[in-house]
Amino acid sequence: MAEVTQPVKLDKRYAAILQSTKKDFVSVTGADTYLVQHGAARISTIGWPGWPTRLRTVEPVIETFVAGPEHVTATSSNDPFVGAWAPLAAWLNNTVRTALEEVGVLLAGVAYVTASLTPSGMLEGVAHLDDDQFVPSESVSMVAIIGELAGPRMATKPIGHPPLRQMASLAFASETLDAFASDTMDHCASDADELVVFPQFGQLHVGPAAHHVAQLAPLRQLLVMRSAVILP
């Protein structure tokens, strides 16, 4: 039976995980190779402005914002979505940067924030990696997520993988991805409207599928922030 835990508090220990290089996440024991899975850490949502309540769509909508230390800029003028999500993107950028800086983590360059609105019945809940490129000396980078109705689930125990070559892409077996998506592997589960952060490289995670949330509301909003991390 899978062990299900909650995201840990963001602290110095978890900060060290986010300051890792990609090679730090690869464990080799004899002939076996594993990708270490760290789960997620939670960040306080003080000042959360709340989700816009009047947005409507019949197809998924996604908008991107470029987020620097001081300013967040939309990459389109697709209102009403851009106008509704701009305050949330600015809040996410400031909240994540502040929380990471408090534990000694600094972001490298600009970050990117995506905001999306998806009909709940279209949610597929496909297990995936946000970064699957194995460049050993690179930052594992970070991703922060807050989701409406239900949060993402993140793997917490090492996962077997074929031997890795530099510059190659990670590729978990389809059986592994299906098992994780169906909750039969150890993981941590975040709640709706809970802000979590985790490594962008190699961290297997999954959002809710339609059967998890379609009965709760017809639409689901999601905010995601991604950035490389300055290595210590």
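Read on for an overview of the structure. (Residues numbered from 1 in each chain as written. Predicted model: local features only at pLDDT ≥ 70, side-chain atom pairs only at ≥ 80, totals over all residues. Heavy atoms only, no water.)

Some details on the packing of aromatic side chains
Then comes step 1: Under the counting rule described, the total for this entry stands at 5 aromatic pairs.
Then comes step 2: These aromatic residues form a ring-pair network of at least three members: Phe25, Phe134 and Phe201. (Phe/Tyr/Trp six-rings, centres within 6.5 Å; stacked < 30°, edge-to-face > 60°.)

Quick look at the pattern of salt bridges
Then comes step 1: Summed over all chains, the structure comprises 6 salt bridges.
Then comes step 2: Glutamate 3 is paired through a salt bridge with lysine 157; the nearest N and O atoms lie 3.4 Å apart. With glutamate 3 in the segment before strand S1 (4-5) and lysine 157 in the loop between strand S10 (153-155) and strand S11 (159-161), the pair connects residues that are 154 residues apart, well separated along the chain.
Then comes step 3: In this structure lysine 157 comes out as partly exposed when scored by relative accessible area, which is 38%.
Then comes step 4: Through salt bridges with shared partners, a single network forms among Glu3, Lys157 and Asp186. (Salt bridge = Lys/Arg side-chain N within 4 Å of Asp/Glu carboxyl O. Helix = DSSP H or I, 4+ residues; strand = E, 2+ residues; numbered from the N terminus. Buried < 20%, exposed > 50% of the residue type's maximum accessible area, 1.4 Å probe, protein only.)

Observations regarding the sheet that holds strand S14 (residues 205-206)
The strands that make up a sheet are held in pairs by hydrogen bonds between backbone atoms, and each pair lies either parallel or antiparallel.
Then comes step 1: Taken in spatial order, the 4 strands line up as S1-S12-S10-S14 in an open sheet, and their pairing is mixed. Looking at which strands have only one partner, the edges of the open sheet turn out to be S1 and S14.
Then comes step 2: Note that S1 and strand S12 (residues 187-189) share 2 bridges and pair parallel. Each bridged residue has a counterpart across the sheet, and for threonine 5 the counterpart in S12 is cysteine 188.
Then comes step 3: Its contacts with the sheet place helix H3 (residues 174-181) against S10, S12 and S14, and it is angled at close to 135° to S10. (Pairing = 2+ DSSP bridges. Contact = heavy atoms within 4.5 Å. Axes fitted to C-alpha atoms, helices over the stretch in contact; angles between N-to-C directions.)

With respect to the layout of surface pockets
Where empty space is left in the structure can be found by rolling a water-sized probe over the atoms.
Then comes step 1: Computed from the structure, the largest pocket encloses a volume of approximately 580 Å³.
Then comes step 2: Lining the largest pocket are 24 residues, and of these Ser116, Leu123, His128, Arg220 and Leu222 lie nearest its centre.
Then comes step 3: Looking at the lining of the largest pocket, the elements that each hand over two or more residues are strand S6 (61-67), strand S8 (107-119), S14 and strand S15 (219-229).
Then comes step 4: Split by residue class, the lining of the largest pocket holds 13 nonpolar, 7 polar and 4 charged. (1 Å grid on protein atoms, 1.4 Å probe; cavity = no way out; pocket = protein on both sides within 12 Å on 5 of 7 lines; lining within 4 Å. Points joined across faces, edges and corners; volume = space filled by probe spheres on them. Nonpolar A, V, L, I, M, F, W, Y, C, P; charged D, E, K, R; others polar.)

Remarks on the nonpolar core
Then comes step 1: One finds Leu10, Trp85, Val96, Met142 and Met225 to be the most contacted residues of the largest nonpolar core, which totals 63 residues.
Then comes step 2: Tallying contributions element by element places helix H2 (residues 81-102) first for this core, with 10 residues.
Then comes step 3: Once residues within four sequence positions are removed from consideration, tryptophan 85 is found in contact with Pro52, Leu55, Val61, Glu63, Phe65, Ala115, Ser116, Leu117 and Gln221. (Core = buried A, V, L, I, M, F, W, Y, C linked by side-chain atoms within 4.5 Å.)

A few points about the environment of aspartate 132
Then comes step 1: Note that aspartate 132 resides in the loop between S8 and strand S9 (142-147).
Then comes step 2: When neighbours within four sequence positions are excluded, aspartate 132 is seen to be in contact with Ala168, Ser169, Leu170 and Phe201.
Then comes step 3: At 2.9 Å, the side chain of aspartate 132 forms a polar contact with the side chain of glutamine 133. (Polar contact = N/O pair within 3.5 Å; in protein donor to acceptor, adjacent residues only side chain to side chain.)

Here's the deal with H2
Then comes step 1: For H2, which comprises 22 residues, the first-to-last C-alpha distance of 32 Å matches the rise-based estimate of 32 Å (1.5 Å per residue) to within 8%.
Then comes step 2: Its axis deflected by about 25° at proline 87, H2 carries its strongest bend there.
Then comes step 3: After H2 finishes, the residue glycine 104 shows a positive phi value of roughly 90°. (Expected span 1.5 Å × (residues − 1). Bend = angle between axes of the 7 residues up to and from the residue.)

Describing the sheet that holds strand S2 (residues 8-9)
Then comes step 1: Spatial ordering of the open sheet is given by S2-S5-S13-S9-S15-S8-S6-S7, a layout of 8 strands whose pairing is mixed. Edge positions in the open sheet fall to S2 and strand S7 (72-74), since each of these has one partner strand only.

That is the geometry; function is a separate question.
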